[in-house]
Amino acid sequence: DLVVIGQSTAGAGMPVLRSDFPEYVLLHGAGPVLVLPAQGQAGTPGAHVTVGWNGSASALRAITSAIALLQRARRVDLVVFDADPGLHGELAGADMALYLARHGVRVELGSAHAGANAGAALVRYACDSGADLIVMGAHGRARFRAVLLGDATRAAMLASPLPLWMAH
């Protein structure tokens, strides 16, 4: 149902594991992955969750796979970065907020400017708001027979001090 793995840290490669093990599992697995931070807060995540929404299929898979967790959360912030009215509608994220509310999730909708890196912006937003978990989709693509993560996914996976619930 869920794969739980640790975040990669520079120079901490295990001789038995690939150096990109969390990324590989995320992009090649069939279900959601919970990536625990190498450093950061301890405790049980899920009381205050920040959800990154960009309308992608991977974001939808991450959210739907986390519904049971989101229903139990005390607070859920649904955040859209750099919303495009043509793509996201007049009130970006309203459709997903309604979907979550219909599933019994207490959700607050927000939007923010991401700048060059949506992953880093999402991590900052979650940390600044006091969240203890981030739910987000993971984008990846194959190129030159190597697995490359999208910029937002890579930034979040490498730098988040919070646990990440992700799906590809």
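Residues numbered from 1 in each chain as written. Predicted model: local features only at pLDDT ≥ 70, side-chain atom pairs only at ≥ 80, totals over all residues. Heavy atoms only, no water.

K.L.:
Quick question: what am I supposed to make of the side chain of Asp132 here?
P.N.:
Relative to the helices and strands, Asp132 is located in the loop between α6 (118–129) and β6 (133–137). For the buried Asp132, no salt bridge exists, and the shortest N-O distance to an oppositely charged side chain is 5.8 Å, to Arg74. Within the local environment of Asp132, its side chain forms a polar contact with the backbone nitrogen of Gly46, the two atoms lying 2.9 Å apart. At a separation of 3.1 Å, a polar atom in the side chain of Asp132 contacts the main-chain amide nitrogen of Ala47. (Helix = DSSP H or I, 4+ residues; strand = E, 2+ residues; numbered from the N terminus. Buried < 20%, exposed > 50% of the residue type's maximum accessible area, 1.4 Å probe, protein only. Lys, Arg positive; Asp, Glu negative; His and termini not counted. Salt bridge = Lys/Arg side-chain N within 4 Å of Asp/Glu carboxyl O. Polar contact = N/O pair within 3.5 Å; in protein donor to acceptor, adjacent residues only side chain to side chain.)

K.L.:
Can you help me understand the nonpolar core in this one?
P.N.:
In summary, soluble globular proteins display a tendency toward joint burial of nonpolar side chains. Judged by nonpolar contacts, the single largest core of 24 residues is most densely connected at Val49, Val51, Ile63, Leu70, Leu100 and Val135. Apart from residues lying up to four places away in sequence, Val51 is in contact with Ile63, Leu70, Val76, Asp77, Leu78, Val79 and Val135. Core analysis: the next-biggest nonpolar cluster, separate from the first, contains 21 residues, Val25, Leu122, Ala138 and Met166 among them. (Core = buried A, V, L, I, M, F, W, Y, C linked by side-chain atoms within 4.5 Å. Contact = heavy atoms within 4.5 Å.)

K.L.:
Just checking my understanding: could you explain the pairing of strand β4 (residues 75–81) for this structure?
P.N.:
Residues in a regular strand point their side chains to alternate faces of the sheet. With six of seven residues buried, β4 lies mostly within the body of the structure. Summarising the sheet, strand β3 (residues 48–52) and β4 pair through five bridges and their orientation is parallel. In the sheet register, Val49 faces β4, and the bridge partner there is Val76. Examined bridge by bridge, β4 and strand β5 (residues 107–112) share six bridges and lie parallel to one another. When the bridges of β5 are listed, Asp77 appears paired with Glu108. (Pairing = 2+ DSSP bridges.)

K.L.:
When you look at the side chain of Ser58 in this model, what are you seeing that I'm missing?
P.N.:
Relative to the helices and strands, Ser58 is located in helix α2 (residues 57–65). Side-chain polar atoms of Ser58 contact the side chain of Ser56, separated by 3.3 Å. Beyond its immediate chain neighbours, meaning those up to four positions away, Ser58 contacts Gly137, Ala138, Ala167 and His168.

K.L.:
What exactly am I supposed to notice about the packing of α6 against helix α7 (residues 151–159) here?
P.N.:
To describe two helices that pack against each other, one gives the angle between their axes and the distance between the axes. At a minimum axis distance of 6 Å, the contact between α6 and α7 shows a crossing angle of 45°. Viewed along their axes, α6 and α7 adopt a mutual orientation that is oblique. Along the contact surface, α6 presents Ala118, Gly119, Ala120 and Val123, while α7 presents Ala152, Ala155 and Ala156. In terms of residue class, the contact of α6 with α7 is built from six nonpolar, one polar and no charged. (Axes fitted to C-alpha atoms, helices over the stretch in contact; angles between N-to-C directions. Parallel < 35°, antiparallel > 145°, perpendicular 65-115°, else oblique. Nonpolar A, V, L, I, M, F, W, Y, C, P; charged D, E, K, R; others polar.)

K.L.:
Would you mind showing me how to read the environment of Asn117 here?
P.N.:
Relative to the helices and strands, Asn117 is located in the loop between β5 and α6. Asn117 sits in the partly exposed class, given a relative accessible area of 25%. Through-space distance from the C-alpha of Asn117 to that of Asp151 is 6.8 Å; in sequence the pair is 34 residues apart. If near-sequence neighbours (up to four positions away) are discounted, Asn117 is found in contact with Asp151, Ala152 and Ala155.

K.L.:
Quick question: what am I supposed to make of the pattern of salt bridges here?
P.N.:
A side chain of one charge can pair with a side chain of the opposite charge if their charged atoms are brought near each other. Under the criterion given, the structure shown has two salt bridges. For Arg75, the salt bridge identified is with Asp77, shortest N-O distance 3.0 Å. Taking relative accessible area as the criterion, Arg75 reaches 31% and is therefore assigned partly exposed. A relative accessible area of 2% means that Asp77 is categorised as buried. Its salt-bridge partner being Glu108, residue Arg75 comes within 4.0 Å of it at the nearest N-O pair. Of this pair, Arg75 sits in strand β4 while Glu108 is found in strand β5, placing the two residues 33 residues apart along the sequence. Taking relative accessible area as the criterion, Glu108 reaches 45% and is therefore assigned partly exposed. Here the residues in one salt-bridge network are Arg75, Asp77 and Glu108, joined through shared partners.

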